[in-house]
Amino acid sequence: KIYDNSVYFFVPFFLLCILLGMIFMSILSLFESCLIDLLNQFKSGSLDLSIDGCGRVYEYVRGISLEKMLQSTRVLSKLKRNFIICIQHTLSVYNVLNLPDFMKWEMDFAHQNSHLKVMFRFNQTVTFPAQLSPRLLPLPLRKKISEDICGLAQSLHVESMDWDYLLGQLAAEDPADP
């Protein structure tokens, strides 16, 4: 009974989170200078951005344009050098084909924010619902993507543990094996 009723809690909670996220992004632009002054008082800090693709892929996955989201991150250019920006990427069937373009976008993002340390994380894969797992794509296609991105990895600051995880997900023989 509790499980059946939990849907009634999670749906409004999820919608509230989306609304709060949009409100936060609007507030961020209104109080940009105050926020920058506050953040620059800290000796160091980090900001994690969940970006699962670029261009139309991001818009499809997140429901908002990447440019709109990045408007709220323009404040990053005013931060001192002691901040780390971490781009967190969750691999799914929606974005796995976009990985080479996404990694090129990441290199541009890191270059535009060169005064900050920019890191990239590839340590999450969608496994539920099962139809969103990137492992459902044919193995030869996933191996081709792996080959395409290997050359780009040298230019990015990708944690080796994350890189091994990403390549492991692309090379997995069994689509059902997490």
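Quick notes on the rules
Numbers given to residues run from 1 along each chain, matching the order in which its sequence is written. Only residues with pLDDT of 70 or above have their local features reported here, since the model is predicted, and side-chain atom pairs are shown and tallied only from 80 upward, although totals for entire chains, interfaces and linings are computed over all residues. Only heavy atoms go into the side-chain values, all of them from the structure, while hydrogens and water stay out. Working definition: rings of Phe, Tyr and Trp (its six-membered ring) pair if their centres are within 6.5 Å, and the pair is stacked with planes under 30 degrees apart, edge-to-face with planes over 60 apart, and tilted otherwise. Only DSSP runs of H or I with at least four residues qualify as helices, and only runs of E with at least two residues qualify as strands; both kinds are numbered from the N terminus onward. Only protein chains enter the accessibility calculation, which uses a 1.4 Å probe; a residue whose area is less than 20% of its type maximum is buried, one above 50% is exposed, and one in between is partly exposed. We define the nonpolar core as a collection of buried residues of types Ala, Val, Leu, Ile, Met, Phe, Trp, Tyr and Cys that are connected through side-chain atoms lying within 4.5 Å of one another. Residue contacts are counted whenever heavy atoms from the two residues lie within 4.5 Å of one another. Values of pLDDT, which run from 0 to 100, indicate the predictor's confidence residue by residue. Any carboxyl oxygen of Asp or Glu that lies within 4 Å of a side-chain nitrogen of Lys or Arg is treated as forming a salt bridge with it. The criterion for strand pairing is that DSSP finds at least two bridges linking the strands in question. By convention, orient the strands away from the viewer: a clockwise path from the first strand over the helix to the second makes the crossover right-handed. Each patch is built from residues lacking any salt bridge and having more than 30% relative accessible area; the joining distance is 9 Å for like charges and 5 Å for nonpolar side chains (Val, Leu, Ile, Met, Phe, Trp, Tyr). The accessible surface values rely on the Shrake-Rupley method and a 1.4 Å probe; as for residues, cover is taken only from the protein chains in view. For a helix, the expected span equals 1.5 Å multiplied by the residue count minus one. Note that the arc is computed from the directions linking the helix axis to the C-beta atoms. Lines fitted to C-alpha atoms define the axes here, with helix axes fitted over just the stretch in contact, and angles between the N-to-C directions of these axes take values from 0 to 180 degrees.

Section: the packing of aromatic side chains
So, step 1. Counted according to the given criterion, the structure contains three aromatic pairs.
So, step 2. A centroid spacing of 5.8 Å and a plane angle of 15° characterise the contact between Phe102 and Trp105, whose relative ring orientation is stacked. One end of the pair is Phe102 and the other is Trp105, both in helix 5 (residues 99-112) and three residues apart, which spans about a single turn.
So, step 3. Trp105 sits in the buried class, given a relative accessible area of 16%.
So, step 4. Ring pairs connect the aromatic residues Phe102, Trp105 and Phe109, which therefore count as one cluster.

As for unusual backbone geometry
So, step 1. The peptide bond linking Phe128 to Pro129 adopts the cis configuration, its omega dihedral lying at 0°.
So, step 2. For Pro129, the position within the fold is in the loop between strand 3 (117-125) and helix 6 (139-153).

Concerning the nonpolar core
So, step 1. Membership of the largest hydrophobic core comes to 31 residues, with the highest contact counts inside it found for Ile51, Ile87 and Leu99.
So, step 2. Among the elements of the structure, helix 4 (66-71), strand 2 (83-91), helix 5, strand 3, helix 6 and helix 7 (160-171) are those that each provide at least two residues to this core.
So, step 3. Residue contributions to this core peak at five residues, all from helix 5.
So, step 4. If we skip the residues at most four places from it in the chain, Ile51 touches Tyr58, Leu66, Met69, Leu70, Ile87, Gln88, His89, Phe102 and Trp105.

Overview of the confidence of the model for the protein chain
So, step 1. Within the protein chain, residue pLDDT values average 75, and 70% of them lie at 70 or more.
So, step 2. Within the model, the stretch residues 1-10 combines pLDDT values under 50 with one contact to residues more than four positions away or in other chains.

Quick word on the pattern of salt bridges
Pairs may arise between side chains of opposite charge once their charged atoms sit close together.
So, step 1. Counting across every chain of the model gives two salt bridges.
So, step 2. Arg121 serves as the salt-bridge partner of Asp162, at 2.4 Å between the closest nitrogen and oxygen. With Asp162 in helix 7 and Arg121 in strand 3, the pair connects residues that are 41 residues apart, well separated along the chain.
So, step 3. Ionic pairing is found between Lys144 and Asp148, a salt bridge with its closest N-O pair at 2.7 Å. Taken together, the positions of Lys144 and Asp148, both in helix 6 and four residues apart, correspond to about one turn of that helix.

Regarding the pairing of strand 3
So, step 1. For strand 2 and strand 3, the ladder comprises seven bridges, and the chain directions are parallel. Looking at the pairing, Thr90 lines up with Gln124 of strand 3.
So, step 2. Taking the sense of rotation as the criterion, the β-α-β connection linking strand 2, helix 5 and strand 3 turns out right-handed.

Notes on a nonpolar patch on the surface
So, step 1. Nonpolar side chains collect at one region of the surface, where Tyr60, Val61 and Tyr94 lie side by side and expose about 310 Å² of accessible area between them.
So, step 2. Structurally, Tyr60 is set in helix 3 (residues 56-62).

Structural notes on helix 6
So, step 1. In this model helix 6 runs 20 Å from its N-terminal to its C-terminal C-alpha over 15 residues, within 8% of the 21 Å that 1.5 Å per residue would give.
So, step 2. Residues of helix 6 that are buried include every one of Leu139, Arg142, Ile145, Ser146, Ile149, Leu152 and Ala153, and no others. Taken end-on, helix 6 shows its buried residues confined to a sector of 125°, consistent with a single buried face. Among the exposed residues of helix 6, those oriented more than 90 degrees off its buried face are Pro140, Glu147 and Gly151.

Observations regarding the sheet that holds strand 1 (residues 45-50)
So, step 1. Taken in spatial order, the three strands make up an open sheet running 1-2-3, and their pairing is parallel. Each edge of the open sheet carries a strand with a single partner, namely strand 1 and strand 3. On average, each strand axis in the sheet is inclined to that of its neighbour by 25°, with strand direction left out of account.
So, step 2. Each of strand 1, strand 2 and strand 3 is contacted by helix 5, which is oriented at about 155° to strand 3, the strand it contacts most.

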